[in-house]
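# Structural characterization, general
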Amino acid sequence: MLLPFELHTPESVAGASSLVKERGDGATFYAGGPELLLVMKAGFVHYEDVVDVKPLPELRGIPLTDQENEQLRI
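Residues numbered from 1 in each chain as written. Predicted model: local features only at pLDDT ≥ 70, side-chain atom pairs only at ≥ 80, totals over all residues. Heavy atoms only, no water.

Glancing now at the environment of M1. Inspection of the secondary structure assignment puts M1 in the segment before β1 (6-8). M1 gets classed as exposed once you look at its relative accessible area, which sits at 75%. Between the alpha carbons of M1 and L38 there is a distance of 9.8 Å; along the sequence they are 37 residues apart. Once residues within four sequence positions are removed from consideration, M1 is found in contact with M40 and K41. (Helix = DSSP H or I, 4+ residues; strand = E, 2+ residues; numbered from the N terminus. Buried < 20%, exposed > 50% of the residue type's maximum accessible area, 1.4 Å probe, protein only. Contact = heavy atoms within 4.5 Å.)

Pairing within the open sheet is parallel, and its three strands lie in the order β1-β3-β2. At either end of the open sheet lies a strand with only one pairing partner, and these are β1 and β2 (27-30). Neighbour to neighbour, the strand axes of the sheet diverge by 25° on average, direction disregarded. Sheet topology note: the β1/strand β3 (residues 49-52) ladder contains three bridges and is parallel. Its bridge partner lying in β3, H8 is registered against V51. Running over the sheet, helix α1 (residues 13-23) touches β1, β2 and β3 and is turned about 155° from β2. (Pairing = 2+ DSSP bridges. Axes fitted to C-alpha atoms, helices over the stretch in contact; angles between N-to-C directions.)

And the structure:
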């Protein structure tokens, strides 16, 4: 059974970090994978606060550089 939790949707990385820091061990980040909700539903972990970072543009993709210093996005 999935216990109740509060879902937060901050507008910045700094806001997300502050929320998790303020809420302590009862909070975690959520980046879109179903695994967190599955382990919470199975009762292995419980967080009172879940901070959704999926919509934050700063966290989309992984910037890489090639040997010619051209930026690539994957």
